[in-house]
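# Notes for the structure review
Okay, here's what each chain looks like letter by letter:
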Amino acid sequence: MVQTKADNNDFQFENSKAELRTKCRSIGEKVKKVDNFLLLISELELPEHVAVNIKQIDCTVSSIDKQLSRKKMKVSIFGETSSGKSTTANALIGKDLLPSGMADTTSCFLELQIMKETSYNNSYFVVCDGVDDVGTEHQKHFLDESGIEQLEDMSSAGSESTLGASKIIRIFLKPQDVNASLLARDIQIMDCPGISSCRELGDKVKKFCADSDVHIFVVSSKAVMTPEAMDHFLEVGKRLPKPDVIIAFTHWDLSVNDRHPERVKVRHVDKAFELLKKLGTVEGREEAEQRCFFISSTEAKDIAVGNGNGEF
């Protein structure tokens, strides 16, 4: 059998993930020791400033412990209105499922993952108020034709049935529906509302995205990132604990009409470097360039959907 580049990438991904889990288990043991130590000294009478520092350390340790206990890698996708954010998410899952289009589209948080249960014949979604009610029993909406329409109504900003940005829709897909997508490799994808809506949520954005392993900032390459857009990304990024950020510049297929596409790319990378350095993600421009990807979300989605049946 001839090994393709995609097969090799899959192997590298699985190998890297296995190495990461081994390191996480080792770190997890140390985190538990620190947690036990903090519990012990919390019973002592300490100066106020020391007690405050210990409480901050305890919160950090708890956050790390929560991330290490999660078996799936979580990827959150942020972006401006009509930047191609949801189309990028559809490309990653290999299904034309999430609402996308012009104007403000995504109204709430949409979390996609592969379902663990074997007792359901169809993929489904549930509506939740937050991460704290994961164990709560919710009404299941199966993704048949009417269920997909209901999902679109609930998550589309222009719909009368739209949900607010403080809600999250959890979508559970059958393994058969995601054979060729990242979800089949223990990846969990979070499609977020527009970056300005996330900023308005303030610290509430941490409720859904603080435990993400990777954050994808989607930016349209049709124009250089504006100061306003950068400010939105910075404000949201500051609410995420040391975000591991990569930037996806969409609509890059339009660069074929530009006389100097490489010059345009340099300007985009310069802006990305400015953003990533302010977030504390990178130190140098070369490192920032390695975190920039120029794509056509629509073409990628069409190819991904074409590799499957695109339906449920």
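Quantities reported herein were computed from a predicted structural model and do not represent experimental measurements.

## A closer look at the overall build of the protein
When you go through the protein residue by residue, the secondary structure sums to ten helices and nine strands. Within the protein, the proportion of its 312 residues that are buried is 43%. Taking the contacts inside the protein whose residues are at least 6 apart along the sequence as the reference set, 76% of them involve residues at least 24 apart. Looking at the protein as shown, the accessible area adds up to about 17500 Å², and 51% of this sits on carbon and sulfur atoms.

## With respect to the packing of aromatic side chains
Here the structure, examined in full by the defined rule, presents seven aromatic pairs. Judged by centre distance (5.1 Å) and plane angle (25 degrees), the rings of Tyr124 and Phe172 are stacked. Of this pair, Tyr124 sits in strand 3 (residues 124–128) while Phe172 sits in strand 5 (residues 168–173), placing them 48 residues apart in sequence. Across this residue pair, the class does not change: Tyr124 and Phe172 are buried. Judged by centre distance (4.8 Å) and plane angle (10 degrees), the rings of Phe249 and Phe294 are stacked. Placement of Phe249 in strand 8 (residues 245–250) and of Phe294 in strand 9 (residues 292–294) is noted, with a sequence separation of 45 residues between them. Both residues of the pair, Phe249 and Phe294, count as buried. A network of ring pairs unites the aromatic residues Phe78, Phe217 and Phe233 as a single cluster.

## Quick word on the pattern of salt bridges
Evaluated as defined, the whole model comprises nine salt bridges. With a closest N to O distance of 3.1 Å, Lys85 and Asp191 form a salt bridge. Of the two residues, Lys85 is situated in helix 3 (residues 85–93) and Asp191 in strand 6 (residues 187–191); the sequence distance between them amounts to 106 residues. The exposure class of Lys85 is buried, given its relative accessible area of 6%. The residue Arg285 makes a salt bridge to Asp270 at a minimum N-O spacing of 2.8 Å. One end of the pair, Arg285, is in helix 9 (residues 285–290); the other, Asp270, is in helix 8 (residues 261–279), and 15 residues separate them in sequence. Relative accessible area serves as the criterion here: at 28%, Arg285 is assigned to the partly exposed category. Residues joined by salt bridges that share partners form a network here, namely Asp270, Arg285 and Glu289.

## Observations concerning the pairing of strand 7 (residues 214–220)
Taking burial as the measure, the seven residues of strand 7 include seven buried ones, the bulk of the element. In strand 7, alternate side chains face the same way, and those of Val214, Ile216, Val218 and Ser220 on one face and His215, Phe217 and Val219 on the other are all buried. In terms of strand pairing, strand 1 (residues 73–79) meets strand 7 through five bridges, oriented parallel. Paired with Ser76 across the two strands is His215, which belongs to strand 7.

## Let's talk about the state of the cysteines
Inspection of every chain in the model, using the stated rule, returns zero disulfides. This cysteine, Cys192, is not joined by any disulfide, and Cys209 carries the nearest cysteine sulfur, 3.7 Å off. The buried category is assigned to Cys192, whose relative accessible area is 0%. We note that Cys198 lacks a disulfide partner, and the nearest cysteine sulfur, in Cys192, lies 5.0 Å from it.

## As for helix 8
For helix 8, with 19 residues, the first-to-last C-alpha span of 27 Å sits near the 27 Å given by 1.5 Å per residue. Those residues of helix 8 that fall on the buried side of the exposure criterion are His268, Val269, Ala272, Leu275, Leu276 and Leu279. In a view along the axis of helix 8, the buried residues occupy a sector of 125 degrees, so they form one face of it. Residues of helix 8 that are exposed and angled more than 90 degrees away from the buried face: Arg263, Arg267 and Lys278. In the stretch just after helix 8, Gly280 is the one whose phi turns positive, near 80 degrees.

## Comments concerning the nonpolar core
Core analysis: the largest hydrophobic core is formed by 39 residues, its most contacted members being Phe78, Phe109, Cys209, Phe217, Phe233, Ile247 and Leu275. If you look at the next biggest cluster of nonpolar residues, it comprises 26 residues, including Ile93, Ile114, Ile171 and Val218.

## What about the confidence of the model for the protein?
Confidence along the protein averages 79 in pLDDT terms, with 74% of residues attaining 70 or more. Confidence drops under a pLDDT of 50 for residues 1–6, and excluding neighbours within four residues, the segment shows two contacts in the predicted structure.

The rules behind each value
- Residues numbered from 1 in each chain as written.
- Predicted model: local features only at pLDDT ≥ 70, side-chain atom pairs only at ≥ 80, totals over all residues.
- Heavy atoms only, no water.
- Helix = DSSP H or I, 4+ residues; strand = E, 2+ residues; numbered from the N terminus.
- Buried < 20%, exposed > 50% of the residue type's maximum accessible area, 1.4 Å probe, protein only.
- Contact = heavy atoms within 4.5 Å.
- Areas by Shrake-Rupley, 256 points an atom, 1.4 Å probe, with all protein chains shown as cover.
- Phe/Tyr/Trp six-rings, centres within 6.5 Å; stacked < 30°, edge-to-face > 60°.
- Salt bridge = Lys/Arg side-chain N within 4 Å of Asp/Glu carboxyl O.
- Pairing = 2+ DSSP bridges.
- Disulfide = S-S within 2.5 Å.
- Expected span 1.5 Å × (residues − 1).
- Arc of directions from axis to C-beta.
- Core = buried A, V, L, I, M, F, W, Y, C linked by side-chain atoms within 4.5 Å.
- pLDDT = per-residue confidence, 0-100.

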